[in-house]
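# Summary of the model geometry
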Amino acid sequence: MEKSESQLEAEVKHLRAQYNELAELAGSLAHEIKTPLSVISLNVALMIEDFEDADTLEGRRTFQKLRELGKQCGRLDELVRDFLRYSRPEKIDLHIGDLNLEVESMLDFFEVEADERNIEVRRHLDATLPGVMLDRQMIQVALQNLIKNAFEAMGDSGVFLVRTRDTKSGVALDLIDNGCGMDSKTMMRMFEPFYTRKDAGSGLGLPTAKRFIEAHGGTISVQSELGVGTQFTIEFATPPRISDSESMKCEKE
């Protein structure tokens, strides 16, 4: 016997409620883990200092074990932080903003790492770009995850092109790297939570970026080829009620 439309809607509603309850529980658990993890990390760091100048074979072995323990604590802390960002995104707070400004700020943040990795960053930002509705904190998290992903794909050298441009309905941001690229299987799964090809990755960076961008009503698409590189394109609509003159008055905070 086929189920009625109302029965299907009731089942979907029930499943969503179960999912939300599970997500809330998992988020609460991750939050509770942070405090004891911080205590463990702090004490490991102090013990590393104690054994840093060890002059015995046993002391040096202990130092190496503690360093590895500290490394794994840092990895776990990053995983918990990424999970909390993904499972408990803050309420979006939209204001008219300058996408170029947010991009510049994040590229400046990665400038030291770019120099260390020998990555050439090319900025082609349209100075006449109209304003769009942005939550600065969420957009910066999304950009940080995408730029970090691009840098890791390029390894110790590469070219990273960042371009903003007008579209028919709003604005677009292209992030183009000449890194290792992705195969079709990876492209199909890269936005799945916890899916990663990296030994130390959380698998939440790209899903979080996608979730935050879509929370703005934006879209993210990708083109990639193994051994050639990857292009992520983010698009945002321009608010319809803003005139051309008003759209240039973006927040510069």
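Rules and cut-offs
- Residue positions are counted from 1 within each chain, in the order its sequence is given.
- At least 70 in pLDDT is required for a residue's local features to be given in this predicted model, at least 80 for side-chain atom pairs to be given and counted, and no such filter applies to totals for whole chains, interfaces and linings, which use all residues.
- Side-chain calculation: all heavy atoms of the structure are included, whereas hydrogens and water are not.
- Think of it this way: any DSSP run of H or I at least four residues long counts as a helix, any run of E at least two long counts as a strand, and we number them from the N terminus.
- For accessible areas, the Shrake-Rupley method is used with a probe of radius 1.4 Å. Any residue's cover is judged against the shown protein chains and nothing else.
- Angles here are taken between N-to-C directions and fall from 0 to 180 degrees, while the axes themselves are lines fitted to C-alpha atoms, restricted in helices to the stretch in contact.
- Here a crossing is taken to be left-handed if its near helix is turned anticlockwise relative to the far helix by less than a right angle, and right-handed if that turn runs clockwise.
- We call two residues in contact when some of their heavy atoms are within 4.5 Å.
- Under the convention adopted here, Pro, Cys and the residues Ala, Val, Leu, Ile, Met, Phe, Trp and Tyr are nonpolar, Asp, Glu, Lys and Arg are charged, and Gly plus all remaining residues are polar.
- Note on classification: 1.4 Å probe, protein chains only; a residue is buried when its accessible area is under 20% of the maximum for its type, exposed when over 50%, partly exposed between these limits.
- Two N or O atoms form a polar contact when they lie within 3.5 Å of each other; inside protein one atom must be a possible hydrogen donor and the other a possible acceptor, and for residues adjacent in sequence the pair counts only when both atoms belong to side chains.
- Patches in this entry comprise residues that are over 30% relatively accessible and not in a salt bridge; like charges within 9 Å are linked, as are nonpolar side chains (Val, Leu, Ile, Met, Phe, Trp, Tyr) within 5 Å.
- Take a side-chain nitrogen of Lys or Arg and a carboxyl oxygen of Asp or Glu: if they are within 4 Å of each other, that pair is a salt bridge.
- Any Phe, Tyr or Trp ring, taking Trp's six-membered ring, that has another such ring centre within 6.5 Å forms a pair; planes under 30 degrees apart are called stacked, those over 60 apart edge-to-face, and the others tilted.
- We call a charge positioned over a ring when the NZ of a Lys or the CZ of an Arg lies within 6 Å of the ring centre and within 35 degrees of the ring normal.
- In summary, the charge assignment counts Lys and Arg as positive and Asp and Glu as negative, without counting His or the chain termini.
- The atoms used to mark charge sites are NZ of Lys, CZ of Arg, CG of Asp and CD of Glu.
- Residues are called lining when one of their atoms sits within 4 Å of a cavity or pocket point, these points coming from a 1 Å grid over the protein atoms alone, where a cavity is a set in which a 1.4 Å probe fits but cannot get out and a pocket is an open set with protein on both sides within 12 Å along at least five of seven lines.
- Grid points are joined across faces, edges and corners, and a volume is the space filled by probe spheres set on the points.
- The criterion for strand pairing is that DSSP finds at least two bridges linking the strands in question.

### Section: the overall build of the chain
Within the chain one finds 8 helices and 7 strands. Here the chain has roughly 15800 Å² of accessible surface; of this, 53% comes from carbon and sulfur atoms.

### A look at the packing of helix α5 (residues 136–154) against helix α7 (residues 205–215)
Where α5 meets α7, the axes come as close as 9 Å, and the angle between the chain directions of the two elements is 145°. Note that α5 runs across α7; the crossing there is left-handed. Here M138, V141, A142, N145, L146 and N149 of α5 lie close against α7, whose contacting residues are G205, L206, T208, A209, F212, I213 and A215. Here the contact of α5 with α7 is built from residues that sort into 9 nonpolar, 4 polar and no charged.

### Looking at the side chain of T164
Checked against the element boundaries, T164 lands in strand β4 (residues 158–166). Residue T164 is classed as buried on the basis of its relative accessible area, which comes to 4%. Polar contacts involving the side chain of T164 include one to the side chain of N100, which spans 2.8 Å. Beyond its immediate sequence surroundings of up to four residues, T164 is in contact with L99, N100, H124, L125, D126, L129, A172 and L173.

### Here we look at a nonpolar patch on the surface
Together, L76, L79 and F194 make up a nonpolar patch on the protein surface, roughly 260 Å² of accessible area in all. Relative to the elements of secondary structure, L76 occurs in helix α2 (residues 57–87). Classification of L76 by relative accessible area gives partly exposed; the value is 38%.

### Some remarks on the packing of aromatic side chains
Per the stated rule, a full pass over the model turns up 3 aromatic pairs. For the pair F110 and F151, a centre-to-centre distance of 5.4 Å together with 70° between the ring planes defines the contact as edge-to-face. Taken together, the residues F110 in the loop between α3 (99–109) and α4 (111–117) and F151 in helix α5 connect sequence positions 41 residues apart. Both residues of the pair, F110 and F151, count as buried. Aromatic pair F151 and F160: ring centres 5.7 Å apart, planes at 90°, arrangement edge-to-face. Classification of F160 by relative accessible area gives buried; the value is 0%. Seen from the ring of F191, K210 lies directly overhead, with NZ or CZ sitting 5.8 Å from the centre.

### Concerning a negative patch on the surface
A cluster of acidic side chains, namely E49, D50, E52, D53 and D55, defines a negative patch on the protein surface. With respect to the helices and strands, the residue D53 is situated in the loop between α1 (5–51) and α2.

### A word on the pattern of salt bridges
The tally for this structure, following the rule as stated, stands at 9 salt bridges. R123 serves as the salt-bridge partner of D108, at 3.1 Å between the closest nitrogen and oxygen. Here the residue D108 occupies a position in helix α3, and R123 occupies one in strand β2 (residues 119–124), the gap between them amounting to 15 residues. Look at R123 and you get partly exposed, because its relative accessible area is 33%. For R165, the salt bridge identified is with D174, shortest N-O distance 2.7 Å. Linked by salt bridges that have partners in common, E104, D108 and R123 make up one network.

### Describing empty space enclosed by the protein
Under the definition given, this model contains 1 cavity of 30 Å³ or more. Lining the largest cavity, in full, are L99, I139, A142, L143, L173, I213, I234 and F236. The residue inventory of the lining of the largest cavity, partitioned by class, reads 8 nonpolar, no polar and no charged.

### A short note on the pairing of β4
One ladder, built from 6 bridges, connects β2 with β4; its direction is parallel. In the sheet register, R122 faces β4, and the bridge partner there is L161. For β4 and strand β5 (residues 170–177), the ladder comprises 7 bridges, and the chain directions are antiparallel. Pairing of R163 across the sheet is with D174, part of β5.

### Notes on the sheet that holds strand β7 (residues 229–237)
If you walk across this open sheet you meet the 5 strands as β2-β4-β5-β7-β6, and the pairing is mixed. The two strands at the open ends of the sheet, each matched to only one other strand, are β2 and β6 (219–225). Taken pair by pair, the neighbouring strands of this sheet meet at an average axis angle of 10°, ignoring direction. Pairing between β5 and β7: 8 bridges, direction antiparallel. Each residue of the ladder has a partner; that of L175, found in β7, is F232. Along the sheet, α3 makes contact with β2, β4, β5 and β7, crossing β4 at roughly 165°.

Keep in mind these values describe shape, not function.
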